Amino acid sequence: MALMSCTVLQPLRDPAPRSVWTWSGELDAADVPALTKTWGHLLDDHPDSVVDLTVDLAAVTFLDCAILSLLVQANNYPGTRLALLSVPAIVAKLLQVTELAEYFTIAWMPLEAVEQP
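Within every chain, residues take consecutive numbers counted from 1 along the sequence as written. Restriction of local features to residues with pLDDT of at least 70 applies here, the model being predicted, together with a cutoff of 80 or more for giving and counting side-chain atom pairs; totals for whole chains, interfaces and linings are based on all residues. Side-chain figures throughout are based on the complete set of non-hydrogen atoms in the structure, without hydrogens or water.

(A) Representation of the pattern of salt bridges. A pair is scored as a salt bridge if a Lys or Arg side-chain nitrogen falls within 4 Å of a carboxyl oxygen belonging to Asp or Glu. This model, assessed by the stated rule, comprises one salt bridge. The salt bridge involving Asp52 is made with Arg81; its shortest N-O contact spans 2.4 Å. Of the two residues, Asp52 sits in strand β3 (residues 51-63) while Arg81 sits in strand β4 (residues 80-85), which places them 29 residues apart along the sequence. A relative accessible area of 12% places Asp52 in the buried class. A relative accessible area of 43% places Arg81 in the partly exposed class. Strands are runs of DSSP state E lasting at least 2 residues, helices are runs of H or I lasting at least 4, and numbering of each runs from the N terminus. Any residue under 20% of the maximum accessible area for its type is buried, any over 50% is exposed, and the rest in between are partly exposed; the area is computed with a 1.4 Å probe on protein chains only.

Put into structure tokens, the structure is as follows:
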């Protein structure tokens with residue numbers, strides 16, 4: 001099970017709450033319930049707002065398809081703007097193999113992960 005922290009910010013000029021999730025370690029199906037619960041609380045707390053959700057993946061060493069599915073669900077959820085930050089090579093490769101690299105807003109991904117063989 002991975003470590004996760006979540007910070008919710010309410011900017012003064014932008015009515016959309018901003019949540020920054022920092023994930024680390026190995027993320028797999030066992031982590032989905034806790035992540036879903038945290039995400040659900042955030043959305044429940046701001047039912048009439050657009051929610052900016054940034055997931056910092058810099059310290060992630062493994063991510064499986066269950067977590068990837070959760071990210072897709074979050075990206076598709078009405079009123080949610082999702083961005084992936086500091087995507088490590090191992091996650092970037094998974095995004096490429098699944099053809100989801102262009103599906104997400106990615107704030108940073110290593111160059112070697114986006115180069116074609």
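(B) Local environment of helix α2 (residues 65-76). Multiplying one less than the number of residues by 1.5 Å gives the expected span of a helix. Taking 1.5 Å per residue, 12 residues should reach 16 Å; α2 reaches 16 Å between its end C-alpha atoms and fits that length. For α2, every residue scored as buried is listed here: Ile67, Leu68, Leu70, Leu71, Ala74 and Asn75. Seen from one end, α2 has its buried residues packed into an arc of 155 degrees, which puts them on one side. We call two residues contacting when some pair of their heavy atoms lies within 4.5 Å. Considering only its buried residues, α2 is in contact with β2 (18-27), α1 (32-45), β3, β4 and α3 (89-97). You can read the cap of α2 off the contacts: a side-chain oxygen lies 3.1 Å from the backbone nitrogen of Ala66, and it is on Asp64. To obtain the arc, one takes the directions from the helix axis to the C-beta atoms. The term polar contact refers here to a pair of N or O atoms within 3.5 Å; inside protein, the definition further demands a hydrogen-donor-capable atom paired with an acceptor-capable atom, and it admits residues adjacent in sequence only when both atoms are side-chain atoms.

(C) Structural context of the environment of Ala66. Among the structural elements, Ala66 can be located in helix α2. Separated by 39 residues in the primary sequence, Ala66 and Leu27 place their C-alpha atoms 8.8 Å from one another. Ignoring any residue separated from it by four or fewer positions in sequence, one finds Ala66 in contact with Ala29 and Val32.

(D) Just the packing of aromatic side chains, in detail. Between the rings of Phe, Tyr and Trp (Trp by its six-membered ring), a pair exists once the centres lie within 6.5 Å; its type follows the angle of the planes, with under 30 degrees stacked, over 60 edge-to-face, and the other angles tilted. Taken as a whole and judged by the stated rule, the model has three aromatic pairs. A centroid spacing of 5.3 Å and a plane angle of 75 degrees characterise the contact between Trp39 and Tyr77, whose relative ring orientation is edge-to-face. Separated by 38 residues along the polypeptide, Trp39 in helix α1 and Tyr77 in the loop between α2 and β4 bring together distant segments of the chain. A relative accessible area of 40% places Tyr77 in the partly exposed class.

(E) Region of the structure containing the side chain of Asp56. Here Asp56 shows up in strand β3. Take Asp56: its relative accessible area is 17%, and that puts it in the buried class.

(F) Focus on the pairing of β4. Relative to β4, β3 runs parallel, the two sharing six bridges. Bridge pairing links Val55 to Leu84 in β4. Between β3 and its parallel partner β4, the chain crosses via α2, and the hand of that crossover is right-handed. Here, any two strands with at least 2 DSSP bridges between them count as paired. Across two bridges, β4 lies against strand β5 (residues 105-106) in parallel orientation. Within β5, the residue paired with Leu84 across the bridge is Ile106. Every crossover in which the path from the first strand over the helix to the second runs clockwise, viewed with the strands pointing away from the viewer, is termed right-handed. For the segment spanning β4, α3 and β5, crossover handedness is right-handed.

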